[in-house]
There are 2 protein chains.
Amino acid sequence: MTQASKAKRSWTTRRDAKRKRMQQADHLLDGKYVETNQVTQALEMLIHPKDRVVLEGNNQKQASFLSEALADVDVDTVHDLHMIMSSLSRPEHLDIFEKGIANQVDFSFSGPQSLRVSQMIEDGQMQMGNIHTYLELYGRLFIDLIPNVALIAADQADAAGNLYTGANTEETPTIVEATAFREGIVIVQVNERVDELPRVDIPASWIDVIVVANQPYQLEALFTRNPRHITEIQILMGMMTLRGIYEKHQVQSLNHGIGFNTAAIELLLPTYGESLGLRGKICQHWAANPHPTLIPAIESGWIDSIHCFGGERGMEKYIAERPDVFFVGRDGSLRSNRTLCQMAGQYAVDLFIGSTLQMDYAGNSSTVTRGRLAGFGGAPNMGHDPKGRRHSTPAWLDMMNPDETLVRGKKLVVQMMETYQQGNTPVFTERLDAVDVAKESNMDTPPVMIYGEDVTHLVTEEGIAYLYKTDSIAERKEAIAAVAGVTPIGQEQSLKQKERLRSNGIVAYPNDLGIRHSDAKRSLLAAQSVEDLITWSDGLYDPPEQFRSYWS
Amino acid sequence: MTQASKAKRSWTTRRDAKRKRMQQADHLLDGKYVETNQVTQALEMLIHPKDRVVLEGNNQKQASFLSEALADVDVDTVHDLHMIMSSLSRPEHLDIFEKGIANQVDFSFSGPQSLRVSQMIEDGQMQMGNIHTYLELYGRLFIDLIPNVALIAADQADAAGNLYTGANTEETPTIVEATAFREGIVIVQVNERVDELPRVDIPASWIDVIVVANQPYQLEALFTRNPRHITEIQILMGMMTLRGIYEKHQVQSLNHGIGFNTAAIELLLPTYGESLGLRGKICQHWAANPHPTLIPAIESGWIDSIHCFGGERGMEKYIAERPDVFFVGRDGSLRSNRTLCQMAGQYAVDLFIGSTLQMDYAGNSSTVTRGRLAGFGGAPNMGHDPKGRRHSTPAWLDMMNPDETLVRGKKLVVQMMETYQQGNTPVFTERLDAVDVAKESNMDTPPVMIYGEDVTHLVTEEGIAYLYKTDSIAERKEAIAAVAGVTPIGQEQSLKQKERLRSNGIVAYPNDLGIRHSDAKRSLLAAQSVEDLITWSDGLYDPPEQFRSYWS
């Protein structure tokens, strides 16, 4: 039998490669600093063809100066990179591929650029690895997608190279850890260099190269929803959700994401929720971004704690004055952490609530539709029942099927959407577009966001379907149909079927929950405008310009 | 309708409480340092009754000086603490409860003290919250178990309070982050105070109080297995696993835990694996501790990367000389991270393989047996199919059921054990003890380690059951029986049944895999003793004393 022998090899090839590259760029460096206008030149020395390069950027914070600099490198020098990106969202992210600087990508989210991504894959300019949730992409940085180079963003650096990430710590430490501790090169853009940092978020010895950017990194106020645009249908759905899900199952910890539906719920807590006597009983603990629409609930004493994925523009001063609720550093500003918040959002909360563009009759949903290759960000991670969970809470236990020998609870995964999308397209469809997209794009599996078996509740303007109570896919389909209104699947169902589901507690309509349509008024929102939010915040909330234009 | 109004309250109660406590202890502090012999006095001022206290300690590293100091506090001053501990493992961990210093616990693992834990719960001295996997316990630190105080351990601190955790970074940064950024008090024991740290693992501004311990923190060499004790049955099972699982499904990334079964596999890679021509094709990427039994596979070029939960005593010098394989800092020593490695082990690897004390006929398994309340550590987290995964690999796709519309892969979850436990107890049982333990201990749900639906493969000395191919619980039971040997369930099965499963590819016996029992010799191990491992390592591996006693 063959026996392998000791390989004769160097065990420091990664370290040696790093040292050589750093030496080549040495004349551009003053300590760790490179001049702003020499960054592209530095990248051409520090990045080699076929490198795996992590470019920081998610749905909020973007290493925008470095991505622009990367798009400017000489393609004869730097080419065929394998990019790893949480988000494909800025135009130059795709220019990098068009120019041949990169040819392969693994990513999580591509909302704003999803049409162009589809086209570039079809044209062969971009070779797609996989779509990931955030956590699996971060996980692979330590396993089989270990980076050669990381391009990241921070607020400030000091002379030694310690970093201050301020409210937007986000995924920066995770990317840096995977790169720095495997002999990769960590290059950071900072908004400014200072003598003393307000606090240290990342130690200097993890960082190789620093450049002061020509303008602050891009930061989107993605989680701000103007209450003025919340509709009465959204208010009705929010009331049903509060009554028929949060109260019914005693939901104490939860995640809310982007959207007017959940913003409505947040603004109903201090009004409708208060009238139900639920303060202190539900919704105390959050894994969520610092949504401005959470301000009235915080101010009226509903919320004990919020751990954040990232920051939110305009919320800085408010958060600094509410350290009992938010995670903050000694400098008073938010400490977010996308990795840890996703972990908490997966394993430690009772409920995830989200929305979708399509749901099939088995309850599977996806935001990937024809010609639009969006990723899912964190939704699949938080929107499933984590089978590795072993602790119990009242809400989790409420999902239990007591007939099983090995009883266990379940995470509450709620899908909440109106039966028709904009343009009069029914949200319910016999077959997800994702099935065809997968075939057309040569994907191994259809890009499903949330699987039907994981959805415990479906909320539409018609009512709530308690899908966790159904005992077959056929019954699940019936329950979906019962809240599908006048969409095709909804029209197929008889009144008799609906009555059976209703009497079994599988479906509830507003009346069943003690809610009248006429109660669902905008006056029920604790804040009806951005101005109201500022008032609730004692003037501490300072909304970005684009949300100010609506006041007058 | 009631509308909540702004609460009249302070929003800095946590910050104020911390400041007050720190002021009370101020006369004991020189900068952040407290004298070694004044630590108990300091704890009596810094910890208040009913506090939530995280005490660092897992199956390897223990904040042993601080746990002893906590057991010495005056119970009239400090009492009724709610302890949060990855591991209940040292005697004084339980003394704290016996004395009334603490009365409530949430934990992950209680191996060495599991009998006493059972008894104390029965006697009402300890009120058990929940058993957790590591990640869900860490997650709750940011949601509904936010700590008031953290007691942690590091190797070194400098004057400013920056910490060096060396090879055993483990869960320390996660615990510190949850505490420091929510106005909690972080107290660290260090082995020594130095002028300059080899590297910074945790920044000073996250730390409040430092004490130089009277002896280094406890550190167990838990993942060291002496090849001398690997049996020929384990070698046979290892060969089958390599051939019938790792090769068959092209397993490229994986987790191995503690145990002689998996140590055998590691030592078969450079011999049996090499003879199969598998080097460079399987097992390149690992989420695992730095097992000494991995040395021959590393040295013969099998392994590209290993990301570690923690360190392993004796492996320090070897790791420092192999930076191409391990994650190391600029000082050359390992950077482990239990949180990130569990995340990677959940989401980014093809395969988890583990063992159990009991498996029921549906494939559910548990290490909780009557009168023994052990937790599971990370097994449930890595030993399930993560439904939030969206990227594909060859092994993952190989688990696909092509008949489904929404095809998807599955994580490989392998259970590997001999049909009889020590003491001639069959491992297969109609009903897990965990069901009765749950009832007796008033647990909400039975403490199952891995659910049958998640187990894709079962390996015994008889053969391999490809459980992922079964189409019903009845067939899963048959497949289990077919490899259950002469245990009761095994004896019930007819030869005809076995033949049917075999011809359907649901079961494979050694012959089917081209393996002869007579091949499974100890001479097939790349290292047959600790001394062999040292030789493979060029003398870099320096085993702890207890493993040296076996050589002579």
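Residues numbered from 1 in each chain as written. Chains lettered and ligands numbered in written order. Predicted model: local features only at pLDDT ≥ 70, side-chain atom pairs only at ≥ 80, totals over all residues. Heavy atoms only, no water.

(A) The arrangement of the pairing of strand S16 (residues 351-354) of chain A in detail. Residues and elements named next belong to chain A. Neither face of S16 is left uncovered, since the one carrying Leu351 and Ile353 and the one carrying Phe352 and Gly354 both have all their residues buried. The pairing of S16 with strand S19 (residues 412-416) spans 4 bridges and is parallel. Within S19, the residue paired with glycine 354 across the bridge is glutamine 415. (Buried < 20%, exposed > 50% of the residue type's maximum accessible area, 1.4 Å probe, protein only. Helix = DSSP H or I, 4+ residues; strand = E, 2+ residues; numbered from the N terminus. Pairing = 2+ DSSP bridges.)

(B) Structural view of the relation of the copies chain B and chain A. Superposing chain B onto chain A requires a rotation of 180° together with a translation of 0.0 Å along the rotation axis, leaving an RMSD of 0.0 Å. The operation mapping one copy onto its partner corresponds to a two-fold rotation axis. Most of the interface of chain B is mirrored in chain A, where 99% of its interface residues are also at the interface. (Least-squares fit on C-alpha atoms with pLDDT ≥ 70 in both. Contact = heavy atoms within 4.5 Å.)

(C) Geometry of the interface of chain B and chain A. Listed as interface residues are 117 residues of chain B and, on the opposing side, 116 residues of chain A. Of the roughly 9,600 Å² buried between chain B and chain A on both sides combined, carbon and sulfur atoms contribute 58%. Counting the surface chain B buries against chain A, the share from its top three residues, Trp11, Asp324 and Arg390 of chain B, is 10%. Seen at the junction of chain B and chain A, the total is 14 salt bridges. As a salt-bridge pair, aspartate 324 of chain A and arginine 9 of chain B come within 2.6 Å of each other at their nearest N and O atoms. The interface formed by chain B and chain A holds 53 residue pairs in polar contact (both at pLDDT 80 or more) in total. Considering every element that reaches the side of chain B that touches chain A, the biggest residue donor is helix H12 (residues 338-347) of chain B, with 6 residues. Here the side of chain B that touches chain A is composed, by residue class, of 50 nonpolar, 35 polar and 32 charged. (Buried area = accessible area lost by both parts, 1.4 Å probe. Salt bridge = Lys/Arg side-chain N within 4 Å of Asp/Glu carboxyl O. Polar contact = N/O pair within 3.5 Å; in protein donor to acceptor, adjacent residues only side chain to side chain. Nonpolar A, V, L, I, M, F, W, Y, C, P; charged D, E, K, R; others polar.)

(D) Local environment of helix H3 (residues 64-71) of chain B. By the criterion of burial, H3 of chain B is predominantly enclosed, with 7 of the 8 residues buried. Of the positions making up H3 of chain B, those classed as buried are Ser64, Phe65, Leu66, Ser67, Ala69, Leu70 and Ala71 of chain B.

(E) Empty space enclosed by the protein, seen in detail. Within the structure shown, the criterion is met by 11 cavities of 30 Å³ or more. The computed volume of the largest cavity comes to approximately 260 Å³. Lining the largest cavity are 22 residues, with Pro173, Glu177 and Asn337 of chain A together with Pro173 and Glu177 of chain B positioned closest to its centre. Of the residues assigned to the lining of the largest cavity, the class counts are 10 nonpolar, 6 polar and 6 charged. Of the pockets and cavities examined, the second largest cavity occupies roughly 60 Å³. Lys18, Ala180, Phe181, Ser205 and Trp206 of chain A together with Arg199, Gly329 and Arg330 of chain B are the residues that line the second largest cavity. For the lining of the second largest cavity, a count of residues per class yields 3 nonpolar, 2 polar and 3 charged. (1 Å grid on protein atoms, 1.4 Å probe; cavity = no way out; pocket = protein on both sides within 12 Å on 5 of 7 lines; lining within 4 Å. Points joined across faces, edges and corners; volume = space filled by probe spheres on them.)

(F) Highlighting the domain arrangement of chain A. All names here are of chain A. Taken domain by domain, chain A holds domain 1 (18-219) and domain 2 (227-530). With 32 residues of domain 1 at the interface, the matching set in domain 2 holds 29 residues. Summed over both sides, the interface between domain 1 and domain 2 buries roughly 2,500 Å², with carbon and sulfur atoms accounting for 54% of that surface. Three residues stand out in domain 1 for area buried against domain 2, namely Leu135, Ala167 and Arg199, and they jointly supply 21% of the buried area on that side. At the junction of domain 1 and domain 2, the tally comes to 3 salt bridges. Where arginine 338 meets glutamate 170, a salt bridge forms, and the shortest distance between an N and an O atom there is 2.7 Å. Linking domain 1 with domain 2 are 18 residue pairs in polar contact (both at pLDDT 80 or more). Contributing elements (two or more residues each) for the side of domain 1 that touches domain 2: strand S6 (102-109), helix H5 (114-122), strand S7 (127-131), helix H6 (134-140) and helix H7 (172-180). Looking at which element gives the most residues to the side of domain 1 that touches domain 2, the answer is H5, with 5 residues. Here the residues of the side of domain 1 that touches domain 2 are counted per class, giving 15 nonpolar, 13 polar and 4 charged. (Domains from an automatic or database assignment.)

(G) Inspection of the sheet that holds strand S15 (residues 305-307) of chain A at higher detail. Residue and element names in this part refer to chain A. The 8 strands lie next to each other as S15-S14-S13-S16-S19-S23-S24-S25, forming an open sheet whose pairing is mixed. In the strand order of this sheet, the two ends are held by S15 and strand S25 (507-508), each with one partner. Contacts from helix H9 (residues 260-275) reach strand S13 (253-256), strand S14 (285-287), S16 and S19 within the one sheet, and its direction differs from that of S13 by about 135°. (Axes fitted to C-alpha atoms, helices over the stretch in contact; angles between N-to-C directions.)

(H) Representation of the packing of helix H16 (residues 473-482) of chain B against helix H18 (residues 495-503) of chain B. Residues and elements named next belong to chain B. Relative orientation of the contacting elements H16 and H18 amounts to 105°, with a least axis distance of 10 Å. With respect to H18, the axis of H16 lies roughly perpendicular. Contacts from Glu475, Glu478, Ala479 and Ala482 in H16 reach Gln497, Lys498, Arg500 and Leu501 in H18. Across the contact of H16 with H18, the residue classes tally to 3 nonpolar, 1 polar and 4 charged. (Parallel < 35°, antiparallel > 145°, perpendicular 65-115°, else oblique.)

(I) Local environment of the environment of histidine 93 of chain B. All names here are of chain B. Within the secondary structure, histidine 93 sits in helix H4 (residues 91-98). It is 9.2 Å that separates the C-alpha atoms of histidine 93 and leucine 55, two residues lying 38 residues apart in sequence. With residues near it in sequence (within four places) discarded, histidine 93 still touches Leu55, Gln62, Ser67, Met85, Ser87 and Leu88.

(J) Examining the packing of aromatic side chains more closely. For the structure shown, the criterion picks out 8 aromatic pairs over all chains. With centroids separated by 5.8 Å and ring planes inclined at 35°, the aromatic side chains of phenylalanine 327 of chain A and phenylalanine 142 of chain B adopt a geometry described as tilted. One end of the pair, phenylalanine 327 of chain A, is in the loop between helix H11 (316-320) and helix H12 (338-347); the other, phenylalanine 142 of chain B, is in the loop between helix H6 (134-140) and strand S8 (149-157), on a second chain. Its guanidinium or amino end placed over the ring of phenylalanine 327 of chain B, arginine 182 of chain A lies 5.3 Å from that ring's centre, counting from NZ or CZ. (Phe/Tyr/Trp six-rings, centres within 6.5 Å; stacked < 30°, edge-to-face > 60°. Lys NZ or Arg CZ within 6 Å of the ring centre and 35° of its normal.)

(K) Region of the structure containing the pairing of strand S10 (residues 185-193) of chain B. All names here are of chain B. Pairing of S8 with S10, which is carried by 8 bridges, proceeds in the parallel orientation. Considered in S10, the bridge of leucine 151 is made with isoleucine 187. Inspection of the sheet shows S10 paired to strand S11 (residues 209-212) by 4 bridges, in the parallel sense. Its bridge partner lying in S11, valine 188 is registered against isoleucine 210.

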